[in-house]
Amino acid sequence: MPDAFMKAGIIGLEGVGKRTLFRLLTRAAGTGSGRAEQYGVLKVPDDKLPVLTRIHDSRKTSYATIELVLIPSLAKDRRDKIDLGSLRGVDVLVNVVRAFEDPSVPHPEGSVDPVRDLEVLELELTLSDLGVVERRLERIEADVKKGRKGDASEIPLLQRARDALAEGRSLRASLAHEELDALRGYALLTAKPMLVVVNVGENEAATSDLPDRMGLSRFQAEGSFAFVVVSAKIEAELAELSADEATAFRNDMGLNESVVERIVRSTFELMKLVTFYTAGDPESRAWVVPRDTKAGKAAGAIHSDMERGFIRAEVVPYDILVREGSWSACRDKGLLRLEGKEYPIAEADVVLFRFNV
């Protein structure tokens, strides 16, 4: 399986259903101890890749993958024992909040309130970041007093970050995009994009406006926030059915996508990602890069030698390739484009990189 292009951290309070979600996303049979981190891989659904495999008679088909880490539940009696540092290596946070009633699964806070739960998790992340920023400021200021001024330029930005965090505001809501980029090396948690998964009851599984009605959508004003509504209980039941039966039941409920498809789509939109393909006899493979990634950098996502020795990219959109039936037919009809290293890769481009090292 290809290396994951992204790492996502799943967080949430106890009893919200995040372990069920982790199993659904990774197809894992079990999730081990609730007090230890668990890792899994999500294969990104892709209906284009098998078609490319068939057209090119590829010997291998490689889907894009996302590495998932499930963080132990945050609970009142052990919040100070959760190692949030393990989240610093992830690219996006997946925060599961509970919006379903179930007397058999008591809520740790005593009642179901998604807004409160989201605020609780944001506070924990904010306090963790505050500790990191304060320690960094102390070290830099100590160095400056000793005459080492190399990092003094960081002080104003770190002070703004500290002040925002001390007021309980996330960095994604307080700093400009360029400032967040400047702090990227510190892997601060409240600077990371967050996908909020609202886990609802069976009767609200197809309710798309739920975040608005619950007051959750106000968080979107700060940017880098997105919401997706799922019913983990229903999805767990559907996972036991055949693909055709599950599709029929989803259609009856007004659901057009599986939980995996919804979460992947929402994550791609939040992270502004596009998928491009390389295809040939040995392998057809999906690659994921940020939107507007230049062809030279996209080649580097495959191998550093390809970026270093980049000559050109031969590009044809997926739909055109499928319509014409082959790469050679596209070339013969003048439908194959030759692009330089500054060409921005588009969604569903099929690319052949020419390079020389």
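As shown above, the structure is provided for reference.
Remember, predicted model here, so these are calculated numbers, not experimental data.

Student: Help me out: how do you make sense of the packing of aromatic side chains in this one?
Tutor: Given two aromatic rings, their pairing is described by the distance between the two centres and the angle made by the two planes. Going through the model one piece at a time under the given rule, you end up with five aromatic pairs. Each ring, one from Tyr 277 and one from Tyr 318, has its centre 6.5 Å from the other, and the planes form 40 degrees; the classification is tilted. Note that Tyr 277 is positioned in strand 8 (residues 273–279) and Tyr 318 in helix 12 (residues 318–324), a separation of 41 residues in sequence. Ring-pair connections join several aromatic residues into one group, and the members of that group are Phe 276, Phe 310 and Phe 353. Above the face of the Tyr 63 ring, Lys 43 is positioned so that its terminal group lies 4.5 Å from the ring centre. Taking NZ or CZ as reference, Lys 48 lies 5.6 Å from the ring centre of Tyr 318, over its face.

Student: Just checking my understanding: could you explain the packing of helix 3 (residues 114–145) against helix 4 (residues 155–166) for this structure?
Tutor: The angle between the axes and the distance between the axes are what describe a pair of packed helices. Two elements in contact, helix 3 and helix 4, have axes separated by 9 Å at closest approach and are oriented at 150 degrees. By the angle between their axes, helix 3 is roughly antiparallel relative to helix 4. The crossing of helix 3 and helix 4 is left-handed. Contacts between helix 3 and helix 4 involve Thr 126, Asp 129, Leu 130, Val 133, Glu 134, Arg 136, Leu 137, Ile 140, Glu 141 and Val 144 on the former and, on the latter, Ile 155, Leu 158, Gln 159, Ala 161, Arg 162, Leu 165 and Ala 166. For the contact of helix 3 with helix 4, the residue count by class is ten nonpolar, two polar and five charged.

Student: Any chance you could explain unusual backbone geometry here in plain terms?
Tutor: The phi torsion of most residues other than glycine is negative, and most of the peptide bonds are trans. Phi angles above zero are rare outside glycine, and Lys 272 is one such case at about 55 degrees. Tracing the chain through its elements places Lys 272 in the loop between helix 9 (259–271) and strand 8. Given a relative accessible area of 46%, Lys 272 falls into the partly exposed group. Phi at Ala 348 is positive, roughly 70 degrees, even though this residue is not glycine. Counting through the fold element by element, Ala 348 comes out in the loop between strand 11 (337–339) and strand 12 (349–355). By relative accessible area, Ala 348 is classed as buried at 10%.

Student: For this particular structure, what's the right way to read the side chain of Ser 258?
Tutor: Structurally, the position occupied by Ser 258 is in the loop between helix 8 (243–253) and helix 9. With a relative accessible area of 14%, Ser 258 lands in the buried category. Residues in contact with Ser 258, not counting those within four places in the same chain, are Glu 235 and Arg 250.

Student: What is the right way to read the pattern of salt bridges from this model?
Tutor: Oppositely charged side chains may form a pair once their charged atoms are brought near each other. Scanning the entire structure with this criterion turns up 22 salt bridges. Linking Glu 307 and Lys 297 is a salt bridge whose minimum nitrogen-to-oxygen distance equals 3.3 Å. Taken together, the residues Glu 307 in helix 11 (residues 304–308) and Lys 297 in helix 10 (residues 295–302) connect sequence positions ten residues apart. Take Lys 297: its relative accessible area is 56%, and that puts it in the exposed class. Among the ionic pairs, Glu 314 bridges to Arg 312, the shortest N-O distance being 3.4 Å. Taken together, the shared-partner salt bridges in this structure form one network comprising Arg 312, Glu 314, Arg 331 and Arg 354.

Student: Where do I start with the environment of Val 198 in this structure?
Tutor: Structurally, Val 198 is set in strand 6 (residues 194–200). Of the residues examined, Val 198 reaches a relative accessible area of 0% and is grouped as buried.

Student: What is the right way to look at the environment of Ser 73 in this model?
Tutor: In this structure, Ser 73 sits in the loop between strand 4 (65–70) and strand 5 (92–99). Taking the C-alpha atoms as reference points, Ser 73 and Val 16, 57 residues apart in sequence, are found 9.1 Å from one another.

Student: Which parts of the structure should I look at to understand the sheet that holds strand 5?
Tutor: Backbone-to-backbone hydrogen bonds join strands into a sheet, with any given pair of strands oriented parallel or antiparallel. Pairing is mixed across the open sheet formed by six strands, whose spatial order is 2-4-1-5-6-7. One side of each edge strand has no neighbouring strand; the edge strands of this open sheet are strand 2 (38–43) and strand 7 (225–230). On average, each strand axis in the sheet is inclined to that of its neighbour by 25 degrees, with strand direction left out of account. Both strand 6 and strand 7 contribute to a ladder of six bridges, which runs parallel. By the bridge assignment for strand 7, Val 198 is matched with Val 229. Against the sheet, helix 1 (residues 18–26) makes contact with strand 1 (6–11), strand 2, strand 4, strand 5 and strand 6, and its axis sits at roughly 45 degrees relative to strand 2, the strand it touches most. Each of strand 1, strand 2, strand 5, strand 6 and strand 7 is contacted by helix 9, which is oriented at about 170 degrees to strand 7, the strand it contacts most.

Student: Would you mind showing me how to read helix 2 (residues 49–56) here?
Tutor: For an α-helix the count is 3.6 residues per turn, leaving residues at separations of three or four pointing the same way. The complete set of buried residues in helix 2 reads Leu 49, Val 51, Leu 52, Thr 53 and His 56. Where helix 2 is buried, its residues touch strand 3 (61–62), strand 8, strand 9 (284–290), helix 12, helix 13 (327–332) and strand 12. Of the residues one or two after helix 2, Asp 57 is the one with positive phi, at around 55 degrees.

Student: Teacher, can you tell me more about the pairing of strand 5 here?
Tutor: In terms of burial, strand 5 is a largely internal element, eight of the eight residues being buried. Looking at chain direction, strand 1 and strand 5 are connected through four bridges and run parallel. Opposite Ile 10, over in strand 5, you have Val 94 as the bridge partner. Summarising the sheet, strand 5 and strand 6 pair through seven bridges and their orientation is parallel.

Basis of the calculations
Residues numbered from 1 in each chain as written. Predicted model: local features only at pLDDT ≥ 70, side-chain atom pairs only at ≥ 80, totals over all residues. Heavy atoms only, no water. Phe/Tyr/Trp six-rings, centres within 6.5 Å; stacked < 30°, edge-to-face > 60°. Helix = DSSP H or I, 4+ residues; strand = E, 2+ residues; numbered from the N terminus. Lys NZ or Arg CZ within 6 Å of the ring centre and 35° of its normal. Axes fitted to C-alpha atoms, helices over the stretch in contact; angles between N-to-C directions. Parallel < 35°, antiparallel > 145°, perpendicular 65-115°, else oblique. Left-handed = near helix turned anticlockwise from the far one by under 90°. Contact = heavy atoms within 4.5 Å. Nonpolar A, V, L, I, M, F, W, Y, C, P; charged D, E, K, R; others polar. Buried < 20%, exposed > 50% of the residue type's maximum accessible area, 1.4 Å probe, protein only. Salt bridge = Lys/Arg side-chain N within 4 Å of Asp/Glu carboxyl O. Pairing = 2+ DSSP bridges.

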